Amino acid sequence: LVFTEEDTYGLYSNLLFKYFLAEGVVCGHDLFVASAKEHPDNILKELPAPLLDDTYRNELGEEGTAVKSEDFQDSMKIAWRYQNLPKMEASPTSSTKFGHYYDISKRMSPELFQSIKRHSFYLHEESSLEPKMKACNMNSAYARLLQSIQRIIYQEGFDGSDPQKKQKTILRIGIQSLGSLLWGDDICSSDTPEDIHSLTKFLYVLRGLLRKSLSACIITVPAHLIQNKAIMERVTNLSDMVVGLESFIGSERETNPLYKDYHGLVHVHQIPRLNSLICDVSDTKDLAFRLKRKLFTIE
């Protein structure tokens, strides 16, 4: 369960969300997209186009040469004690390639979609179909979403307890802006929400579903709107990986010369460490992102 705290305007978190789904398409995974904001079909139409092996080096080459000339100028300004520290690689090198790279200036071709199964949950369509339901003090929208995920897991053969008859694949679940008012949850709008445990109950049940099925999930949440910090702490404990995006738009950091090359910061709050009681601590705490013409890079 990857939990992403949205940036103030949701621009960059939306991009990360699309990257996660695009990787699923390229790997041939099944997709399940849930949203209360925009129709899942529209989200899927806007996925970035993959740079396949032969083209990705050329595409990245253009961006890379620009970065190298900037780096040379910057190296003149770097304090001498940092000079000998290993530099983190921003663009992929030829020897190691993990996952795929995407060109955000182009849309993914519809032919790629034809090969995979897509399932969607659009709250406004779902709520008109069924009567309102409230399960065990849980918000009705969350209860319906859980039912929908459970149905897909069992019907499409992702249930881990039941041996798969077909070739193994993974279900990638993407849930957009969970906890916002659009889902009928008031944790963003008041300090003492009506259903204070609704979101944590949802995550608890979802995590149970993920644990016993072949699936992975990304959730974006407008954390900057949640006034009750205790809820965010519980949510962090219920997630495997927690990443926060902080955009410089409208903040004093936008004009800070230290951050002039970047568009925001990435805060890694929690990294999963399997079979261990403590969570992993990253070597590098200072991560920033920038949006170039074709690439979204974290450095």
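Above this text you will find the structure in question.
The structure displayed is predicted, hence computed values, not measured ones.

**Student:** Can you walk me through helix H8 (residues 198–211) in this structure?
**Tutor:** In an α-helix there are 3.6 residues to a turn, and that puts residues three or four apart on one side. Here H8 contains 14 residues, and its C-alpha end-to-end distance of 20 Å stays within 8% of the 20 Å for a straight helix at 1.5 Å per residue. Every buried residue of H8 is listed here: Ser 198, Leu 199, Thr 200, Phe 202, Leu 203, Leu 206, Leu 209 and Leu 210. Buried residues belonging to H8 abut helix H7 (140–155), strand S6 (171–175), strand S7 (215–221) and helix H9 (229–237).

**Student:** For this particular structure, what's the right way to read the pairing of strand S2 (residues 30–35)?
**Tutor:** In the case of a regular strand, side chains alternate between the two sheet surfaces. Counting buried positions over the six residues of S2 gives six, a clear majority of the element. Side chains of S2 alternate between two faces, with Asp 30, Phe 32 and Ala 34 and Leu 31, Val 33 and Ser 35 buried alike. Pairing analysis gives five bridges linking S2 to S6, with the strands arranged parallel. Among the inter-strand pairings, Ala 34 is bridged to a residue of S6, identified as Ile 175. Relative to strand S5 (residues 118–122), S2 is paired through five bridges, and the arrangement is parallel. Looking at the pairing, Phe 32 lines up with His 119 of S5.

**Student:** Whenever I open this one, unusual backbone geometry confuses me. Can you help?
**Tutor:** A negative phi angle characterises most non-glycine residues, just as the trans form characterises most peptide bonds. Even without a glycine there, the phi angle at Ser 177 is positive, about 50°. For Ser 177, the location among the structural elements is in the loop between S6 and H8. Given a relative accessible area of 5%, Ser 177 falls into the buried group.

Rules behind the numbers
Throughout, residues of each chain are indexed from 1 in the direction in which the sequence is written. pLDDT decides what is reported in this predicted model: residues at 70 or higher carry local features, side-chain atom pairs at 80 or more are listed and counted, and totals for whole chains, interfaces and linings draw on all residues regardless. The side-chain values count all of the structure's non-hydrogen atoms but skip hydrogen atoms and water molecules. For the purposes of this entry, the term helix denotes a DSSP run of H or I that reaches at least four residues, the term strand denotes a run of E that reaches at least two, and both are numbered from the N terminus. Any helix carries an expected span of 1.5 Å times its number of residues minus one. The cut-offs for exposure are 20% and 50% of the maximum accessible area for each residue type, with area from a 1.4 Å probe on protein chains only; residues under the lower value are buried, those over the upper are exposed, and the others partly exposed. Whether two residues are in contact is decided by their heavy atoms: any pair within 4.5 Å suffices. Here, any two strands with at least 2 DSSP bridges between them count as paired.

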